[in-house]
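Structural characterization, general
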Amino acid sequence: MKVPFSGGCACGSIRYACSSEPLAMLNCHCRDCQQSSGAPFASGVVVPRASVDITGSPQEYAVSVSSGLLVTRSFCATCGSPLFTMGEARPDFMSIRFSSLDDTSGFQPALDIWTSSAPSWVCLDEALPHFAQSPSTQKQA
C-alpha cells in the first residue's frame with residue numbers, strides 16, 4: 001500500500017489518514033466480524049494506533065470475545081459504515097476496514113483468520129495461510 005493512505009465513511013462525516021506501513025492485511029471470518037460487516041468476513045489493514053489521525057466522531061460498540069477481553073468496533077452513526085476495530089489484547093494497534101479505504105488497489109490480504117467460523121460455501125484462497133482462530137493462539141490450519 002502507498003503510504004500515507006486515507007479513507008472514511010460513505011457520507012464523509014468521518015475521515016482518517018494513516019502515516020505508517022501496514023503491519024498486516026487480513027480477512028477475519030469470526031462471527032463478530034461477520035455481524036459487524038454484514039458479510040461472510042471482514043478485511044482489514046492492521047496499523048499502529050498512533051499513526052492514524054481521525055476527524056469526526058465515530059460511534060463505538062464493544063463486545064467481549066472468547067478470551068474475555070473487549071474488542072471495540074467503530075462506525076459512522078450517520079451512514080453505518082464500519083471503520084475500525086481495536087482490542088484490549090493489543091491496545092497499541094488497530095484494524096482499518098478495507099471498505100473504508102479511499103484507494104483499495106493496494107490491499108493484499110496475507111492471511112485468513114478465524115476460518116473455523118467461516119460459512120462452508122466461502123471459497124478461501126489456498127495461496128494464503130489459514131488459521132482456525134487467531135494466529136497468536138492457533139497453529140495454521
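Everything in this summary refers to the structure shown in the same document. (Residues numbered from 1 in each chain as written. Predicted model: local features only at pLDDT ≥ 70, side-chain atom pairs only at ≥ 80, totals over all residues. Heavy atoms only, no water.)

All right, on to the overall build of the protein then. Each helix and strand in the protein was counted, giving one helix and ten strands. Element order for the protein, N to C, with α for helix and β for strand: β-β-β-α-β-β-β-β-β-β-β. Computed over C-alpha atoms, the radius of gyration of the protein comes to 14 Å, within 12% of the 14 Å expected from 2.2 N^0.38 for 141 residues, which places it in the range of a compact globule. Overall, the C-alpha framework of the protein stretches about 40 × 30 × 30 Å when taken along its three principal axes. In the protein, which comprises 141 residues, the share counted as buried stands at 38%. A total of about 7600 Å² of accessible surface is found on the protein, and carbon and sulfur atoms cover 53% of it. The averaged location of the 11 negative side-chain charges in the protein is 3 Å from the averaged location of its 8 positive side-chain charges. (Helix = DSSP H or I, 4+ residues; strand = E, 2+ residues; numbered from the N terminus. Rg over C-alpha atoms; globule rule 2.2 N^0.38 Å. Buried < 20%, exposed > 50% of the residue type's maximum accessible area, 1.4 Å probe, protein only. Areas by Shrake-Rupley, 256 points an atom, 1.4 Å probe, with all protein chains shown as cover. Lys, Arg positive; Asp, Glu negative; His and termini not counted. Charge placed at Lys NZ, Arg CZ, Asp CG, Glu CD.)

Tracing the backbone shows histidine 29 in the loop between β3 (24-28) and α1 (31-37). Assessed through its relative accessible area of 0%, histidine 29 is described here as buried.

Here we take up the packing of aromatic side chains. Tallied over the entire structure, the rule returns two aromatic pairs. Taken together, a centroid distance of 5.4 Å and an interplanar angle of 70° make the contact between tyrosine 16 and phenylalanine 84 edge-to-face. Within this pair, whereas tyrosine 16 is found in strand β2 (residues 15-18), its partner phenylalanine 84 is found in strand β8 (residues 82-87), the two being separated by 68 residues in sequence. There is no split in this pair, since tyrosine 16 and phenylalanine 84 are both buried. Pairing phenylalanine 98 with phenylalanine 107 gives two aromatic rings, centres 5.0 Å apart and planes at 55°, and the pair type is tilted. Classification of phenylalanine 98 as partly exposed rests on a relative accessible area of 29%. On the accessibility criterion, phenylalanine 107 (9% relative accessible area) is buried. (Phe/Tyr/Trp six-rings, centres within 6.5 Å; stacked < 30°, edge-to-face > 60°.)

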